[in-house]
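Remarks on the overall topology
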Amino acid sequence: MKYLLALLCLYTGSTLLAQNLVSNPGFEQYDSLPTTTGIFGATVGNHWTAYGPADFFHQKAAVDASIPYNRLGYQKAHSGEAYAGFCITKGTAPEFLHTVLTQPLEAGKQYCIQLFISRGDRSVDQASTLGVYFSPAPPDKKIVRTTQTKPQVFFRNKEGHRDTTNWVRLSNTYTAKGGEQSMTIGCFHRLGIKDVHYYVDDVSVVPIENELTCGNPFDNNVPTKSGTGFILENVLFAHDSHQLFPQSYEELDKLVALMQSKPKLNIEIGGHTDNNGNEAHNQPLSENRAKAVVAYLTSKGIDGKRLSHKGYGSEQPIASNKSSYGRQQNRRVEFKVVE
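Residues numbered from 1 in each chain as written. Predicted model: local features only at pLDDT ≥ 70, side-chain atom pairs only at ≥ 80, totals over all residues. Heavy atoms only, no water.

Turning to the side chain of Asn70, a few remarks are in order. Within the secondary structure layout, Asn70 lies in strand S3 (residues 69-70). A distance of 3.1 Å separates a polar side-chain atom of Asn70 from the backbone oxygen of Ser66. When residues no more than four places from it in sequence are discounted, the contact partners of Asn70 are Phe57, Val63, Asp64, Ala65, Tyr83, Arg122 and Tyr199. (Helix = DSSP H or I, 4+ residues; strand = E, 2+ residues; numbered from the N terminus. Polar contact = N/O pair within 3.5 Å; in protein donor to acceptor, adjacent residues only side chain to side chain. Contact = heavy atoms within 4.5 Å.)

We now examine the packing of aromatic side chains. This structure, assessed with the given rule, holds 13 aromatic pairs. Ring geometry for Phe134 versus Tyr174: centroids 4.8 Å apart, planes at 15°, classification stacked. Here the residue Phe134 occupies a position in strand S8 (residues 129-135), and Tyr174 occupies one in strand S10 (residues 168-175), the gap between them amounting to 40 residues. When the ring of Tyr249 is compared with that of Tyr296, the centres are 5.1 Å apart and the planes differ by 10°; the resulting orientation is stacked. (Phe/Tyr/Trp six-rings, centres within 6.5 Å; stacked < 30°, edge-to-face > 60°.)

Among the structural elements, Phe188 can be located in the loop between strand S11 (182-186) and strand S12 (195-207). Separated by 59 residues in sequence, Phe188 and Thr129 place their C-alpha atoms 7.9 Å apart.

Turning to the confidence of the model for the chain, a few remarks are in order. Taken over all residues, the pLDDT of the chain has a mean of 85, while the share at 70 or more is 89%. Confidence drops under pLDDT 50 across residues 1-17; counting only partners more than four residues distant or on other chains, this segment forms 77 contacts. (pLDDT = per-residue confidence, 0-100.)

Take the pattern of salt bridges next. Overall, the coordinates contain 3 salt bridges when judged by the stated rule. Here Arg331 ties to Asp274 by a salt bridge, and the two come within 2.7 Å at their closest N and O atoms. Remark: Asp274 occurs in the loop between strand S14 (266-272) and helix H4 (279-299) and Arg331 occurs in the loop between helix H5 (324-330) and strand S16 (332-338); sequence separation between them is 57 residues. Residue classification places Asp274 among the buried residues on the basis of a relative accessible area of 5%. For the salt bridge of Arg332 with Glu334, the shortest nitrogen-to-oxygen distance reads 3.1 Å. Accessibility classification places Arg332 together with Glu334 in one group, the buried group. (Salt bridge = Lys/Arg side-chain N within 4 Å of Asp/Glu carboxyl O. Buried < 20%, exposed > 50% of the residue type's maximum accessible area, 1.4 Å probe, protein only.)

One can expect most non-glycine residues to show negative phi and most peptide bonds to be in trans. With an omega of 10°, the peptide bond running from Ile67 to Pro68 counts as cis. Note that Pro68 resides in the loop between strand S2 (55-58) and S3. You will see that Asn24, though not glycine, has its phi angle at about 55°, which is positive. The phi dihedral of Asp202 is positive, around 50°, even though this residue is not glycine. Looking at the element boundaries, Asp202 is found in strand S12.

Strand order in the open sheet formed by 4 strands is S13-S16-S14-S15, with mixed pairing between adjacent strands. Each edge of the open sheet carries a strand with a single partner, namely strand S13 (229-231) and strand S15 (307-311). On average, each strand axis in the sheet is inclined to that of its neighbour by 20°, with strand direction left out of account. With 7 bridges joining them, S14 and S16 adopt antiparallel strand pairing. Across the sheet, the residue bridging to Gly270 is Glu334, located in S16. Seen against the sheet, helix H3 (residues 249-261) touches S14, S15 and S16 and runs at an angle of roughly 155° to S14. The sheet contacts of H4 involve S14, S15 and S16, and relative to S15 the element is tilted by about 160°. (Pairing = 2+ DSSP bridges. Axes fitted to C-alpha atoms, helices over the stretch in contact; angles between N-to-C directions.)

This is how it looks when you write it as structure tokens:
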């Protein structure tokens, strides 16, 4: 069965096309399939470069660089058929991924920086801090790989980024100085790290507009202003069905815990589809999926008076429906804070 997975961008309550400034965010475009690991620069090429022997993985690649099984472990793509990777190994310069944004960042404007990572199974260590460095032009590779560069955006985890089973969303905001168009991703602080590999997928840099929220929806500091919206990243349904898969329960249980911790929080569950098919089919499908989420929440003790639901069909896309990647983004379930 095909899983429908809510992805990446966040929705705010009004129709919004997410302007991702990262080209080829899921590494789906490439020059050639990899025959082994460590040849990212020779295979991807489309808008991305590697600082060091970073990796490119694809479902149709040779076994060492294939998906889901490869030389560094097991992981399905977060979306599509491909993802990238980089290593931090003691005694060698760390690897980084680099891209040029579609346009320079505007001075004083806030941007939501997001990517998904998963640690390779064969890693013997983990990094506690990963980062993103913005600059007007591509930085010197030697300076970056000797970790003399200080990133402006950090993704910190005191226990280390260690999850090898799931894709973990990393997100943070960045206020631009103006003119930045080069972005470098990796581990800029490798002190004490012996050997770790991270898979990377679905990278985005999106201008923050109106009530667009950037962050973890289950953070206790999450904004509770009416209209603030969050995508439920791992709410999964059978194809063309409103039956929840058990894999959805962990994400929904986090939402239950959030509502228990904030007893005055009321939310609307919204179901969305892409534009495949006709609206007479898509709207009730999205409505029933939203109902299924509400039913789960009430079964866990959340008062139904605090919950509402709505099926939006394909009327409120957050990405273009012209590509498979955009359609995947548009198939989503989200919750929105309401009065």
